[in-house]
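As a plain string of letters, each chain reads:
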Amino acid sequence: MTELETLFQYLSLAIMLFFITFFVDIFYQYVRYKNITPRKMLTFKRGGLFEHYKIVGAIILALFLIHGVFDISPFVDSLLAFILDIIINYIFVTIFLVFFFVFIAFLVLYGYARIKKIEDRAKFLNDRTVPIINASMIIAAITAAVLILVLLLNLPT
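Note that the structure is a prediction, hence the values are computed from the model and not measured.

Describing the overall build of the chain
Per the secondary structure count, the chain includes five helices and zero strands. In sequence order, the chain lays out its α and β elements as α-α-α-α-α. For 157 residues, the compact-globule formula gives about 15 Å, and the C-alpha radius of gyration of the chain, at 20 Å, lies well above that figure. On the principal axes, the C-alpha backbone points of the chain span a range of 65 × 45 × 25 Å. Taking all 157 residues of the chain together, the buried fraction comes to 29%. Here the contacts in the chain between residues at least 6 apart in sequence split such that 60% fall between residues at least 24 apart. Here the chain has roughly 10,900 Å² of accessible surface; of this, 72% comes from carbon and sulfur atoms. Between the centroid of the 13 positive side chains of the chain and the centroid of its 10 negative side chains there is a distance of 19 Å.

Things to note about the nonpolar core
Judged by nonpolar contacts, the single largest core of 14 residues is most densely connected at Leu13, Leu17, Val56, Ile60, Leu63, Leu84 and Ile88. Of all the elements in the fold, those that place two or more residues in this core are helix H1 (3-33), helix H2 (53-70) and helix H3 (79-115). Per-element accounting of this core gives the leading share, eight residues, to H1. Apart from the residues lying within four places of it in its own chain, the contact partners of Ile88 are Leu13, Met16 and Ile20. Leu97, Val98, Val102 and Ala140 belong to the second largest nonpolar core, which has 10 residues in total.

Remarks on the pattern of salt bridges
Scanning the model with the defined rule gives three salt bridges in all. In this structure, Glu51 and Arg46 form a salt bridge, with 2.6 Å as the shortest nitrogen-oxygen distance. What makes Glu51 buried here is its relative accessible area of 17%. The exposure class assigned to Arg46 is exposed, which follows from its relative accessible area of 55%. Of the charged contacts, one joins Lys123 and Asp127 as a salt bridge, the two residues approaching to 2.9 Å between their closest N and O atoms. Note on Lys123: relative accessible area 47%, which makes it partly exposed. On the basis of relative accessible area, Asp127 is assigned to the partly exposed category, the value being 45%.

Quick notes on H3
Under the 1.5 Å per step criterion, the end-to-end length of H3 is 53 Å for 37 residues, consistent within 8% with the ideal 54 Å. Along H3, the residues classified as buried are Ala81, Leu84, Ile88, Thr94, Ile95, Leu97, Val98, Val102, Leu109 and Ala113. The first or second residue beyond H3 is Lys117, which carries a positive phi of 55°.

Digging into the environment of Ile36
Position of Ile36 relative to the elements: it lies in the loop between H1 and H2. Considering only alpha carbons, one finds Ile36 and Ile26, 10 residues apart in sequence, at a separation of 7.1 Å. Once residues within four sequence positions are removed from consideration, Ile36 is found in contact with Ile26 and Tyr30.

Some words on a nonpolar patch on the surface
On the surface, Leu4, Leu7, Phe8, Leu11, Ile15, Phe19, Met41, Leu42 and Phe92 cluster together into a nonpolar patch covering about 880 Å² of accessible area. Counting residues per element, the nonpolar patch draws most heavily on H1, which supplies six residues.

Digging into the packing of H1 against H2
Where H1 contacts H2, the two axes come as close as 10 Å, and the packing angle between them is 145°. H1 and H2 meet at a crossing whose hand is right-handed. Residues Thr6, Tyr10, Leu13, Ala14, Leu17, Phe18 and Thr21 of H1 touch H2, and the partners they reach there are Tyr53, Val56, Ile59, Ile60, Leu63, Phe64 and His67. Residues of the contact of H1 with H2, tallied by class, amount to 11 nonpolar, three polar and no charged.

What counts as what
- Residues numbered from 1 in each chain as written.
- Predicted model: local features only at pLDDT ≥ 70, side-chain atom pairs only at ≥ 80, totals over all residues.
- Heavy atoms only, no water.
- Helix = DSSP H or I, 4+ residues; strand = E, 2+ residues; numbered from the N terminus.
- Rg over C-alpha atoms; globule rule 2.2 N^0.38 Å.
- Buried < 20%, exposed > 50% of the residue type's maximum accessible area, 1.4 Å probe, protein only.
- Contact = heavy atoms within 4.5 Å.
- Areas by Shrake-Rupley, 256 points an atom, 1.4 Å probe, with all protein chains shown as cover.
- Lys, Arg positive; Asp, Glu negative; His and termini not counted.
- Charge placed at Lys NZ, Arg CZ, Asp CG, Glu CD.
- Core = buried A, V, L, I, M, F, W, Y, C linked by side-chain atoms within 4.5 Å.
- Salt bridge = Lys/Arg side-chain N within 4 Å of Asp/Glu carboxyl O.
- Expected span 1.5 Å × (residues − 1).
- Patch = residues over 30% accessible without salt bridge, like charges linked within 9 Å, V, L, I, M, F, W, Y side chains within 5 Å.
- Axes fitted to C-alpha atoms, helices over the stretch in contact; angles between N-to-C directions.
- Left-handed = near helix turned anticlockwise from the far one by under 90°.
- Nonpolar A, V, L, I, M, F, W, Y, C, P; charged D, E, K, R; others polar.

These results come straight from atomic positions and should not be treated as a statement about function.
Laid out in structure tokens, this is it:
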């Protein structure tokens, strides 16, 4: 692997870590305050995509030092690469499933409200927002863990 390919892999990892920390922060803020506020995404300030640049930088630096000092690549055929791959895939699958389950739940509830001819659909949906998002987060985390375990054990699906 050339130095340029390795550099691009580190850059790709940093971008993925920025997105992971951004969404984990959103979920944390929601769990803590039961509220999500609109944010300016492309900023280093509170709530921005690059807000956690110190955490991402520390992770990248640690991986770079492990790669340089011990010659253990975080990208190719090592235990470190395996663990890093599992963690990143688990988090991405969980984030995707949270949004998917919330979307499906609201779609079903909206259809139910239309069929039952509920007058104030906005209030009907808003009253169920917190339980839907909480349930979606729990179900997504469990489903992602099961999917990753099935892939790791190479079980037939």
